[in-house]
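Spelled out, the chains give:
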Amino acid sequence: MELTILLLIPVAGAVLIGLLPERAEQNARWIALLSAVAALAFSLFLFFDFDSATPGYSYVVKERWVDISSFNLHYHLGVDGISLPLIVLTTCLTLASVLISFSVTKRQRLYYALLLVLAASVLGVFMALDFMLFFMFWELELIPMFLLISIWGSGRKEYSAMKFVLYTIAGSAFMLVAILMLAFADGGSFDLVELGESNVSGALLPLGWVFAFLFVGFAVKLPVFPLHTWLPDAHSDAPTAVSVMLAGVLLKMGGYGIIRMCVTIMPEQAEDFGIWMAGLGAFSILYGAFVTLRQTDFKRLIAYSSVSHMGIVLLGIGALGKTSIMGANYQMLAHGVVTGMLFVMIGLMYDRTHTREIAKLGGLGRQMPLITTGLVFAGFASLGLPALAGFIAEITVFLGAFEKFEWAVLASIFGVVLSAGYILWTLQRVVFGPVKHDWDGVTDQHQWWEHTVAGGMAVLILILGLYPALMMDTMSGSVDQVIARVEEVQS
Amino acid sequence: MPFLLAESAATSVPTIDEWVLWAIIASPLIGWGLIVAYLRKIPVVAGGVAIATIGVSLALSFFALFNVIDADGGILVHTHEWFTAGSLSVNIGVRIDGLTAVMLVVVTSVAFLVQLYSTGYMHGDTGYGRYFAHMCLFVFSMLGLVLADNLFMIFIFWELVGLCSYLLIGFWFHRPAAAAAAKKAFITTRIGDLGLLAALLLIWTRGPGGSFDVGLIQEWATSGEPEGWIITLFALGIFAGAVGKSAQFPLHVWLPDAMEGPTPVSALIHAATMVAAGVYLVARFFPVFEASHDAMTVVAWIGAATSLIAATIAIVQTDFKRVMAYSTVSQLGLMMLSLGAFGYVAAIFHLFTHAFFKALLFLTAGSVNHATNTYDMRLMGGLRKYMPITFATCVIGSLSLAGIFPLAGFWSKDEILLDAFRENPGLWFVAQLVSLLTAFYIFRAIFLTFFGEYRGGQPVDPHDHDSHFEGDPAHPHEPPWSMRAPLLILAVPAIAAGAFVINHSFRDLIEGALPHALEHESSFEWSIAISSTVLGVLGIGLAWAIYQKHWLSSRSFAMGFGPLTALFEQKWYFDKLYEDFLVKRVLQSGWNRLLELNDKYVVDGVVNGVGTVARVTSDRMRVIQNGQPQAYGLGFAAGILVVVVAVFAANPL
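Residues numbered from 1 in each chain as written. Chains lettered and ligands numbered in written order. Predicted model: local features only at pLDDT ≥ 70, side-chain atom pairs only at ≥ 80, totals over all residues. Heavy atoms only, no water.

S.K.: Help me understand the overall build of chain B in this model?
M.R.: Along its length, chain B carries 26 helices and three strands. Considered along the principal axes of its C-alpha atoms, chain B spans approximately 110 × 65 × 55 Å. The buried share of chain B, reckoned over its 653 residues, is 60%. Of all intrachain contacts in chain B linking residues separated by at least 6 positions in sequence, the fraction that spans at least 24 positions is 80%. A total accessible area of about 24,500 Å² is found for chain B, and carbon and sulfur atoms account for 68% of it. (Helix = DSSP H or I, 4+ residues; strand = E, 2+ residues; numbered from the N terminus. Buried < 20%, exposed > 50% of the residue type's maximum accessible area, 1.4 Å probe, protein only. Contact = heavy atoms within 4.5 Å. Areas by Shrake-Rupley, 256 points an atom, 1.4 Å probe, with all protein chains shown as cover.)

What follows is the structure in structure tokens.
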């Protein structure tokens, strides 16, 4: 029941906005804000109400949905220590996205409605315990994303929006095959709880293939080299709030999917593929960082850095240890707020200068001291400075994965130097150096919502950096269950 | 519950309350918070808050030091769990022992005087509040670093001092040189930090049961249990971190550039405390190094190479502050050399005396800059007459640095030479050569700056609105009392800090931090003392002959060394090799460009290629899409049939 309410809060907001008459368009933002705040508050209530000692899923609802012979689908929702932090991340970033959109003036009703539908579909992905329902939410997210990028974006927005959709759908096609294979195999089902407890066998294709198909679907989203090229395009052409949602939560659907589906359902195959996942993760970390160093567009640069940072997630999952998977999940949370904040700061800068070309910017520290402070803060969080969110995640993954794949980790830690390189070099070119008189007219004057978003995200980054036990203790029990599956097949 | 290490060489345990130790760290953090939250707009108060909060830490640090002395150098550890992730369990805790106590006093006392000095030096700067906020944050991080009881926490504060160094080097961020130097400092030290990170990984998987505790690691290393190569790798990882932070060859290139920061910052961070953290780190894990002779050899010779390279560069610098910077690199090299020669106490003793006399020298450089608006010694000269106090204190610092009896530097350098001589005459020879060069370059700077005729300084640029220079460079004068007082106070330890060596209390204190007593027992050796003093006097005399008496023209002297002079002037070509060749050509224009093109034309090219093929194909297939419902219906039915067959095939009834 609780989860249904949480899912319906943004949906209700979207419906209400849809009912607004055109002359009251200005009020769309307030309805969106109200519903985002309500969703955040309710998700926080669930988070603190959640008892991490409970095995399995909490707040479960299960209703019959489709029942035709062996085609049994349910409206089945539930959360555990792995998904609940991601849900809180989603509601936090939804609120941030709504607030940062207050400067949007074009077709506000549609805009906010789509943003809320996007939030609902992502929440659905993190709650669904029926594989088909999961897939439906997974696909549903594409519609608002496509429209948000292609209507409110900039640059080659139609190309980027289309590329994003086609890429995801191509991945989804593999995923759908895998879902059907699993559902109709021996011991198979659409029910993720059942799938996560039974050992599937006798699918149409060898299970290794099924694993690979599922993995491809998630890897596109994460994204993993060589399936990542949609990300820089989508990011650089999306409006600020959509970049925040995209980097902040949509990428995490990929990592979540790998942990919940690939590893939990097919631990044996995960064990076989572990070294490939870790290797691909390490490769993505370095490759992403090297390519980041060449970028000249500020947003594109941060987008490429996401490829590098999400490589850390894959490295952690591939190592299949409790510490490393907890680190991977933590990295998803950390990257969500850190990169979200970076996109917010870039958005604020773009609103004032109307360019993202690094070469054209420069010396902005004088004209925009507050935005600069936020940018430096988020930049250091992104390069993994201790006491901020990214550090805990990275070090936990590195330590956890080092037990198993020493060389992959030793290669990966070079990313730490490269990230310092691209972040600090970018800061040097954008905010430091002599004042450029092109930007004499721009000011740092903030609207209250800009303050709130930047400050709020900074606080989240500090909380994640200083009080890791908050999330780690929540995750611990649920990750234990995943690890128990892996250890079962190892022995 | 305090957790005690019974294996300590000392028998008693400090009785200090845990909250005192945390308060030492917390006080500057509170200062930072106050300045950031409220006081950025009220500058005078920002300076006062910094002085007051660091003053609290200073007082408590002395309290802690006396407490440890009372306990004959015992060890006390308080630790708490921070977070757990699977088998990873991370603690935060404080450890007080002789080494920590000495470091606390060094850090807080220099920091306190530097803040006082800064209130004068930074007067009128637009970033006055920001300056003191960063300074407080630095002192907090540095104190956390020396009080940390485990490697994980050391790593955290290690990175945080790097952040503060970055922020303060780039304090005048509108200057391109400052922005570039800040970046260079952070990235270069981070290359060294890779080693520290690798050591952290290694100690977790192959160390003492997943613990990062300093005491446990020391015991583990000395237990004879772990394999030799693990110890060596761990030690080298730790040392790599130290190489970055303490600006050792081959990562020394960032420290001279760091002089772009305000001079009090250079005095505190880039002379007395943070750059000495590498020496502290090696000392903290000294038992690990002792267990690996290979690692010790590396430490000793890297230190030797650093001290010699830096000293040779220092003799050709024309910038007063850069002379100091290379001098710092060189002296840190000597400390490393000492550690590598098993001179644990000598290294820390030199760290201790160096902190005072080098901070003093930097602050006098700041005074000179305050009067002349430049650091270029070619624009100075004759300042002795205008600035007698600055001159006198600068000479005291220089004599101490040159190791002249009976100043502080004499005693600590003498111990290093003694340890080096016992370990390896080659090391001793390098150290002696460096002593000669040191005396020469620092008095060269003294003669160029304070003697002869004044050459006018750097005129104030009326268009530079960022400069807060006050006064007239043509008429240099002593700085205000807020800047003079720290010079006079620092002159005292620069003269007298050597007194500690006489009654052995320092040695007992520092040795007490180790799990067992040291093998080497050093004593005073007349031959070493006399030879080093002779070389020091010789170096000063040579500088006097060339730069004061002009018996030998400096140009012909330089010509005499031919290509060596060019090598020194070009800083041994390290910057050219690293920046122009490795970073710009090999990495950025070569490798990264290759990957970028690959991403654009190969990886994304395939995707777009697939897209094009699909579009072309669908153009052909459009014939099928003819608008006739019957045809669609047929296709639809066929599709359903395929799905049904597929499902039944997979799932025979």
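S.K.: Help me out: how do you make sense of the nonpolar core in this one?
M.R.: Nonpolar side chains in soluble globular proteins tend to end up buried together. Within the largest apolar cluster, 443 residues are counted, with the highest numbers of intra-cluster contacts made by Phe131 of chain A together with Leu151, Phe234 and Phe285 of chain B. Take this core: its biggest share by element is 19 residues, from helix H15 (residues 344-372) of chain B. No fewer than three residues from each of domain 1 (293-458 + 470-569) and domain 2 (576-628) of chain B sit in this core. (Core = buried A, V, L, I, M, F, W, Y, C linked by side-chain atoms within 4.5 Å. Domains from an automatic or database assignment.)

S.K.: How do you make sense of the interface of chain A and chain B when you look at a structure like this?
M.R.: A common way to express how large an interface is: the accessible area buried when the components associate. At the interface, 61 residues of chain A touch 52 residues of chain B. Together, the buried faces of chain A and chain B total about 5,000 Å²; carbon and sulfur atoms form 69% of this surface. Considering only the side of chain A, the residues that lose the most area to chain B are Arg294, Arg366 and Leu399 of chain A, jointly responsible for 15% of the buried surface there. At the junction of chain A with chain B, the criterion picks out three salt bridges. (Buried area = accessible area lost by both parts, 1.4 Å probe. Salt bridge = Lys/Arg side-chain N within 4 Å of Asp/Glu carboxyl O.)

S.K.: Can you walk me through a nonpolar patch on the surface in this structure?
M.R.: Residue and element names in this part refer to chain A. A cluster of nonpolar residues, Leu8, Val11, Val15, Leu16 and Leu19, forms a patch on the protein surface that exposes about 460 Å² of accessible area. Structurally, the position occupied by Leu8 is in helix H1 (residues 2-19). Among the residues examined, Leu8 registers a relative accessible area of 47% and is labelled partly exposed. (Patch = residues over 30% accessible without salt bridge, like charges linked within 9 Å, V, L, I, M, F, W, Y side chains within 5 Å.)

S.K.: Mind showing me how you'd approach the pairing of strand E1 (residues 58-68) of chain A here?
M.R.: Each regular strand displays side chains that alternate between the two surfaces of the sheet. Residues and elements named next belong to chain A. Note: E1 against strand E2 (residues 71-79), eight bridges, orientation antiparallel. Bridge pairing in E2 places Asp67 opposite Asn72. Remark: two residues form the turn of the hairpin made by E1 and E2, two consecutive strands paired antiparallel; Ser69 in that turn has positive phi of roughly 50°. (Pairing = 2+ DSSP bridges.)

S.K.: Mind showing me how you'd approach helix H11 (residues 277-284) of chain B here?
M.R.: Residues spaced three or four apart along an α-helix face the same direction, because each turn holds 3.6 residues. By the criterion of burial, H11 of chain B is predominantly enclosed, with eight of the eight residues buried. Within the span of H11 of chain B, buried status applies to Ala277, Gly278, Val279, Tyr280, Leu281, Val282, Ala283 and Arg284 of chain B.

S.K.: How do you make sense of the domain arrangement of chain B when you look at a structure like this?
M.R.: Split into domains, chain B comes out as domain 1 (293-458 + 470-569) and domain 2 (576-628). The C-alpha centroid of domain 2 of chain B is placed 57 Å from the C-alpha centroid of domain 1 of chain B.

S.K.: Whenever I open this one, empty space enclosed by the protein confuses me. Can you help?
M.R.: One water molecule sets the probe size; rolling that probe over the atoms shows where empty space is left. In total, this model carries nine cavities of 30 Å³ or more according to the counting rule given. Reported here for the largest cavity is a volume of approximately 110 Å³. What lines the largest cavity is a set of 14 residues, and nearest its centre among them are Phe391 and Val416 of chain A together with Phe155, Arg190 and Leu197 of chain B. Contributing elements (two or more residues each) for the lining of the largest cavity: helix H17 (389-402) of chain A together with helix H5 (151-169) and helix H6 (176-206) of chain B. When its residues are assigned to classes, the lining of the largest cavity shows nine nonpolar, one polar and four charged. In this structure, the second largest cavity occupies an estimated 70 Å³ of space. Counting only elements with at least two residues in the lining of the second largest cavity, the list comes to helix H13 (298-318), H17 and helix H19 (414-430) of chain A. With four residues, H19 of chain A is the single largest residue contributor to the lining of the second largest cavity. When the residues that make up the lining of the second largest cavity are grouped by side-chain class, the tally is five nonpolar, five polar and one charged. (1 Å grid on protein atoms, 1.4 Å probe; cavity = no way out; pocket = protein on both sides within 12 Å on 5 of 7 lines; lining within 4 Å. Points joined across faces, edges and corners; volume = space filled by probe spheres on them. Nonpolar A, V, L, I, M, F, W, Y, C, P; charged D, E, K, R; others polar.)

S.K.: Could you clarify how one ought to interpret the layout of surface pockets in this entry?
M.R.: There is about 1,100 Å³ of room inside the second largest pocket. In this structure, the second largest pocket is lined by 33 residues; those nearest its centre are Ile187, Tyr578, Glu579, Val583 and Leu587 of chain B. Residue assignment for the lining of the second largest pocket shows that the elements contributing at least two residues are helix H12 (267-292) and H19 of chain A together with H6 and helix H25 (574-621) of chain B. Of the residues that constitute the lining of the second largest pocket, the class distribution is 21 nonpolar, four polar and eight charged.

S.K.: Even after reading the chapter, I still don't get the environment of Arg29 of chain A, so can you show me in this structure?
M.R.: Residues and elements named next belong to chain A. Note that Arg29 resides in helix H2 (residues 28-49). A relative accessible area of 12% places Arg29 in the buried class. The spatial distance from the C-alpha of Arg29 to the C-alpha of Ile17 is 8.6 Å, given a sequence separation of 12 residues.

S.K.: How should I be thinking about the packing of aromatic side chains in this particular structure?
M.R.: To describe a pair of aromatic rings, one takes the distance between the centres and the angle between the planes. One pass over the full model with this rule turns up 62 aromatic pairs over all chains. With 5.3 Å between their ring centres and 50° between their planes, Phe102 of chain A and Trp449 of chain A make a pair best called tilted. Of this pair, Phe102 of chain A sits in the loop between helix H3 (83-100) and helix H4 (108-127) while Trp449 of chain A is found in helix H20 (residues 448-466), placing the two residues 347 residues apart along the sequence. Judged by its relative accessible area of 2%, Phe102 of chain A is buried. Take Trp449 of chain A: its relative accessible area is 11%, and that puts it in the buried class. Taken together, a centroid distance of 5.9 Å and an interplanar angle of 90° make the contact between Phe184 of chain A and Phe190 of chain A edge-to-face. Phe190 of chain A shares its class with Phe184 of chain A; the two are buried. An aromatic cluster of three or more residues is present, and its members are Phe391 of chain A together with Trp82, Phe83, Phe152, Phe155 and Phe212 of chain B. The positively charged end of Arg29 of chain A is found above the aromatic ring belonging to Phe102 of chain A, 4.9 Å away from the centroid. Across from the ring centre of Trp425 of chain A, 3.6 Å away, lies the NZ or CZ of Arg429 of chain A, which sits over that ring. (Phe/Tyr/Trp six-rings, centres within 6.5 Å; stacked < 30°, edge-to-face > 60°. Lys NZ or Arg CZ within 6 Å of the ring centre and 35° of its normal.)

S.K.: I tried to follow the pattern of salt bridges on my own but got confused; where do I start?
M.R.: Two side chains bearing opposite charge may form a pair once their charged atoms approach each other closely. One pass over the structure, following the stated rule, counts 26 salt bridges over all chains. In this structure, Asp67 of chain A and Arg64 of chain A form a salt bridge, with 3.9 Å as the shortest nitrogen-oxygen distance. Of the charged contacts in the structure, one is a salt bridge between Arg206 of chain B and Glu406 of chain A, with a shortest N-O distance of 3.1 Å. Separated into two different chains, Arg206 of chain B in helix H6 and Glu406 of chain A in helix H18 (residues 406-412) make up a pair that spans both. Connected via shared salt-bridge partners are Lys184, Asp257, Glu260, Arg322, Lys571, Asp575 and Glu579 of chain B.

S.K.: Is there a simple way to think about the environment of Arg284 of chain B in this case?
M.R.: Residues and elements named next belong to chain B. Mapped onto the elements of the fold, Arg284 is located in helix H11. Of the residues examined, Arg284 reaches a relative accessible area of 1% and is grouped as buried. Spatially, the C-alpha atom of Arg284 lies 9.5 Å from that of Gly215, the residues being 69 residues apart in sequence. Sequence-distant contacts of Arg284, that is, excluding residues within four places in its chain, are made with Arg95, Asp97, Leu99, Thr100, Val146, Ile154, Val214, Gln218 and Ala513.

S.K.: I tried to follow the environment of Thr119 of chain B on my own but got confused; where do I start?
M.R.: Residues and elements named next belong to chain B. Mapped onto the elements, Thr119 comes out in helix H3 (residues 98-121). Thr119 sits 69 residues away from Ala50 along the chain, and the two C-alpha atoms are 9.8 Å apart. Among the polar contacts made by the side chain of Thr119, one reaches the main-chain carbonyl oxygen of Leu116 at a distance of 2.4 Å. (Polar contact = N/O pair within 3.5 Å; in protein donor to acceptor, adjacent residues only side chain to side chain.)

S.K.: When you look at the packing of helix H11 (residues 240-265) of chain A against helix H21 (residues 469-490) of chain A in this model, what are you seeing that I'm missing?
M.R.: Two packed helices can be described by the angle between their axes and the distance between those axes. Residue and element names in this part refer to chain A. Where H11 meets H21, the closest approach of the two axes is 9 Å, and the angle between their N-to-C directions is 25°. Comparing the axis directions of H11 and H21 gives the class roughly parallel. Where H11 crosses over H21, the two elements pack in a sense that is left-handed. Between H11, through Val263, Thr264 and Ile265, and H21, the contact on the second element is made entirely by Val482, Arg485 and Val486. Taken together, the residues of the contact of H11 with H21 break down into four nonpolar, one polar and one charged. (Axes fitted to C-alpha atoms, helices over the stretch in contact; angles between N-to-C directions. Parallel < 35°, antiparallel > 145°, perpendicular 65-115°, else oblique. Left-handed = near helix turned anticlockwise from the far one by under 90°.)

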